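Spelled out, the chains give:
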Amino acid sequence: MNTKSKIGNVLYIMCDQLRFDYLSCYGHEGLDTPNIDLLASEGTRFTRAYVQSPICGPSRMSSYTGRYPMSHGSIQNGYPLRIGEKTLGDHLRPLGVEAVLIGKTHMRADVEGMERLGVAPDSIIGARLSECGFDAFERDDGVHARDADTAYNSYLRDRGYPGENPWHDAANSVASASPEETGSGWFLKYSNRAAKVAEEDSETPYLTRRFVEFLDAREGRDGWLCHLSFIKPHWPYIVPAPYHDMFGPGSWRRPVRSEKERENPHPVFAAFMEHRVSESFRRDEVRETVLPSYMGLIKQIDDQMGVLFAEMQKRGQWDNTLIVLTSDHGDYLGDHWLGEKDFFHEPAVKVPLVIRDPRGSAVRGRVCDALVEAIDLAPTFVEAFGGQPAYNWLEGRSLMPLLEGERPESWRQVAFSEYDYAMQPARESLGQGISECKIVMACDDRWKLIYFEGFRPMLFDLDTDPDELNDLGDDPDYEAHRQRLTDAIFAWSRRERQRVTITDEGVLAGDDIGTVERGILIGFWDEEQLKNFRKKD
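Numbering of residues starts from 1 in each chain and follows the order in which that chain's sequence is written. Selection of residues for local features in this predicted model requires a pLDDT of at least 70, selection of side-chain atom pairs for listing and counting requires 80 or more, and totals for whole chains, interfaces and linings are taken over all residues. Side-chain figures throughout are based on the complete set of non-hydrogen atoms in the structure, without hydrogens or water.

A. How the structure looks around a nonpolar patch on the surface. In this analysis, a patch consists of residues with relative accessible area above 30% that form no salt bridge, clustered at 9 Å for like charges and at 5 Å for the nonpolar side chains Val, Leu, Ile, Met, Phe, Trp and Tyr. Surface accessibility follows the Shrake-Rupley procedure with a 1.4 Å probe radius. Residue values consider only the protein chains on display as shielding. Whenever a carboxyl oxygen of Asp or Glu lies within 4 Å of a side-chain nitrogen of Lys or Arg, that contact is scored as a salt bridge. Together, V143, W186 and F187 make up an exposed nonpolar region whose accessible area comes to about 270 Å². For the purposes of this entry, the term helix denotes a DSSP run of H or I that reaches at least four residues, the term strand denotes a run of E that reaches at least two, and both are numbered from the N terminus. Along the chain, the position of W186 falls in the loop between α8 (166–171) and α9 (203–218).

What follows is the structure in structure tokens.
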């Protein structure tokens, strides 16, 4: 357990669909993000941080529970997080820490479970179960295809934007240039045009202001974790002026893909390449229309980080708050002939992770290449607040040693991520049953294996092929690496993960010695044997 003084607060910032390599501190040459870079220069930047699923809901549920999707069961968007799973709030409240949400969780409540157990949705417990364990200062999952009764829509209407859903009609639409145009941000062709909404009224500045209002409501009081969960740069890829045309062809990266990938692709990979979003993003016209918006959304986020950091400094919270900036997954943007996320190349499953610990003994400006997972954040937060992580529940590991510049000898050797594609068109095109759509990634310091139910694996050598263009999954020369990582997946899947109601200490208290100490004498022949047993103990 960490022995240094406990932290005052935690600001847990998550961006949605932010690639790790679209920040200047991670090497992007055409996109300058000085405020996030500042955070990295005063903290630790992790270069090998992996999410536990390359899609919003399961990834976030793992981050909030500290558990793998296989364990918590919410393995796809829209799958409820079952009642009884402990989340950040459950781990932190016994320490006197409130867990507050501003923004997105993508969580769906287990309404059936709440009804079965008689938990009223409007009770304190019911509200927390419905908000992934957080007390919601404001929840907004950010995608409102139809009329939406949200605080943000109310704000926009109060600001004079018309319609029942100004989220769509103003914040995520552009002005129509002709009667034939809808201007809807759902259509990628409009991505490089300015949103109708004024910049100060768009989603990212709005959520930043809500965080400032949260600080004001706390009046400098400590003892909180605030999950500030930004909706962007997730689609719709629409951003207001002046951000919509800041970035031109000279700032774009070329797509990472090769014709070889399409010559004889893995069947599941091939099926994903045929998804509508992938067919769109393989076209250069689409990439070149979307990239200005995607990069503009990131630049806007970085500018708002500057606003946010200044407000924290003004309120005396900068040097009392551990700040984390990360993402729930990345975005292919046409790399590997794919769009969206949902697969396991680095642009989708590896994320930025920057942590600034303000306490004096923390390492500054360090770059850490240890294999870390999103589930490591929950035990890190518990330890930062002076608690002992409940590892019978939490499957991640506290990052505190790494933040101090130390890597334990027992640190993980393999990182894992999971995905269930039963709700994707690939299931039908491959003829898979609903329960046969499991994919698991296992990645060590050099090799990445992607395991599929019913198909051969994919394998990449990240040292010689960092762009993951050469699939070695059926090359006989690499059978040893495939077998080793397949064995790692099977061992990982067999691990004890449901013994959550009793700690290791509780197990030891109930072993043979503990049973005898409680006066339960099973199998002894006589008093002499008992006496000898106690002498041995």
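B. Main features of the layout of surface pockets. The method works on a 1 Å grid over the protein atoms by themselves. A cavity is a set of points holding a 1.4 Å probe that cannot get out, a pocket is an open set with protein on both sides within 12 Å along at least five of seven lines, and residues with an atom within 4 Å of a point line them. Grid points are joined across faces, edges and corners, and a volume is the space filled by probe spheres set on the points. Considered as a void within the structure, the largest pocket measures approximately 1200 Å³ in volume. Residue lining of the largest pocket: 39 residues in total, with W186, W235, R276, V277 and E340 positioned closest to the centre. Among the secondary structure elements, those contributing two or more residues to the lining of the largest pocket are α12 (276–281) and α13 (284–314). It is α12 that contributes the most residues to the lining of the largest pocket, five residues altogether. Note on residue classes: Ala, Val, Leu, Ile, Met, Phe, Trp, Tyr, Cys and Pro are nonpolar, Asp, Glu, Lys and Arg are charged, and everything else, Gly too, is polar. Of the residues belonging to the lining of the largest pocket, the class tally is 19 nonpolar, 11 polar and nine charged. Here the second largest pocket defines a volume of roughly 490 Å³. Around the second largest pocket, the lining is made up of 24 residues, and of these Y391, L394, E395, R495 and E496 lie nearest the centre. At the level of secondary structure, the elements contributing two or more residues to the lining of the second largest pocket comprise α18 (479–494) and α19 (504–509). The dominant element in the lining of the second largest pocket, judged by the number of residues it contributes, is α18, at three residues. A per-class count over the lining of the second largest pocket returns 11 nonpolar, three polar and 10 charged.

C. Here's a closer look at empty space enclosed by the protein. What the rule picks out here adds up to three cavities of 30 Å³ or more. There is about 70 Å³ of room inside the largest cavity. Together, 14 residues line the largest cavity, and T326, S327, V351, A374 and L377 are the ones closest to its centre. For the lining of the largest cavity, the elements supplying multiple residues, two or more each, are β2 (44–50), α2 (56–65), β6 (321–327) and β7 (350–356). Residues belonging to the lining of the largest cavity are distributed by class as follows: eight nonpolar, four polar and two charged. Its volume calculated, the second largest cavity comes out at about 50 Å³. Lining the second largest cavity, in full, are A171, V197, S202, E203, T204, K232, I238, P240, L297 and Q300. If you list the elements that add at least two residues to the lining of the second largest cavity, you get α9 and α13.

D. Looking closely at the environment of L462. Tracing the chain through its elements places L462 in the loop between β13 (455–461) and α18. Note: C-alpha distance between L462 and C443 (19 residues apart in sequence) is 9.5 Å.

E. Region of the structure containing the environment of K341. Relative to the helices and strands, K341 is located in the loop between β6 and α14 (346–349). Any residue under 20% of the maximum accessible area for its type is buried, any over 50% is exposed, and the rest in between are partly exposed; the area is computed with a 1.4 Å probe on protein chains only. By relative accessible area, K341 is classed as buried at 4%. Taking the C-alpha atoms as reference points, K341 and S278, separated by 63 residues in sequence, lie 9.9 Å from one another. Working rule for contacts: check all heavy atoms of both residues, and any pair within 4.5 Å makes them a contact. Dropping the residues within four chain positions of it, K341 is found in contact with Q17, P54, I55, C56, H234, W235, H329, G330, Y332 and A348. One polar contact links K341 to Q17, side chain to side chain, over a distance of 2.6 Å. Separated by 3.0 Å, the side chains of K341 and E340 make a polar contact. We define a polar contact as two N or O atoms separated by no more than 3.5 Å, with the added condition that, inside protein, one atom must be a possible hydrogen donor and the other a possible acceptor, whereas residues neighbouring each other in sequence contribute only through side-chain atom pairs.

F. Molecular detail of the sheet that holds β13. A sheet is described by the order of its strands in space; here four strands give the open sequence β10-β11-β12-β13, paired in antiparallel fashion. Only two strands of the sheet have a single neighbouring strand rather than two, namely β10 (415–420) and β13. Each neighbouring strand pair of the sheet contributes to a mean axis angle of 15°, computed without reference to strand direction. For two strands to pair, DSSP has to find at least two bridges joining them. Sheet analysis places strand β12 (residues 447–452) next to β13, joined by five bridges and oriented antiparallel. Considered in β13, the bridge of L449 is made with L459. The angle between two axes is taken between their N-to-C directions and runs from 0 to 180 degrees, where each axis is a line fitted to C-alpha atoms and a helix contributes only its stretch in contact. Contacting β10, β11 (438–443), β12 and β13, α18 crosses the sheet at an angle of about 65° to β12.

G. Quick look at the packing of helix α7 (residues 151–158) against α9. The geometry of α7 relative to α9 is characterised by a closest axis approach of 12 Å and an angle of 105° between their N-to-C directions. Between α7 and α9, the angle is such that the two are roughly perpendicular. Here α7 contributes A151, Y152 and Y155 to the contact with α9, which in turn contributes E203, Y206 and R209. The residue makeup of the contact of α7 with α9, split by class, is four nonpolar, no polar and two charged. For this classification, under 35 degrees means roughly parallel, over 145 means roughly antiparallel, 65 to 115 means roughly perpendicular, and everything else is oblique.

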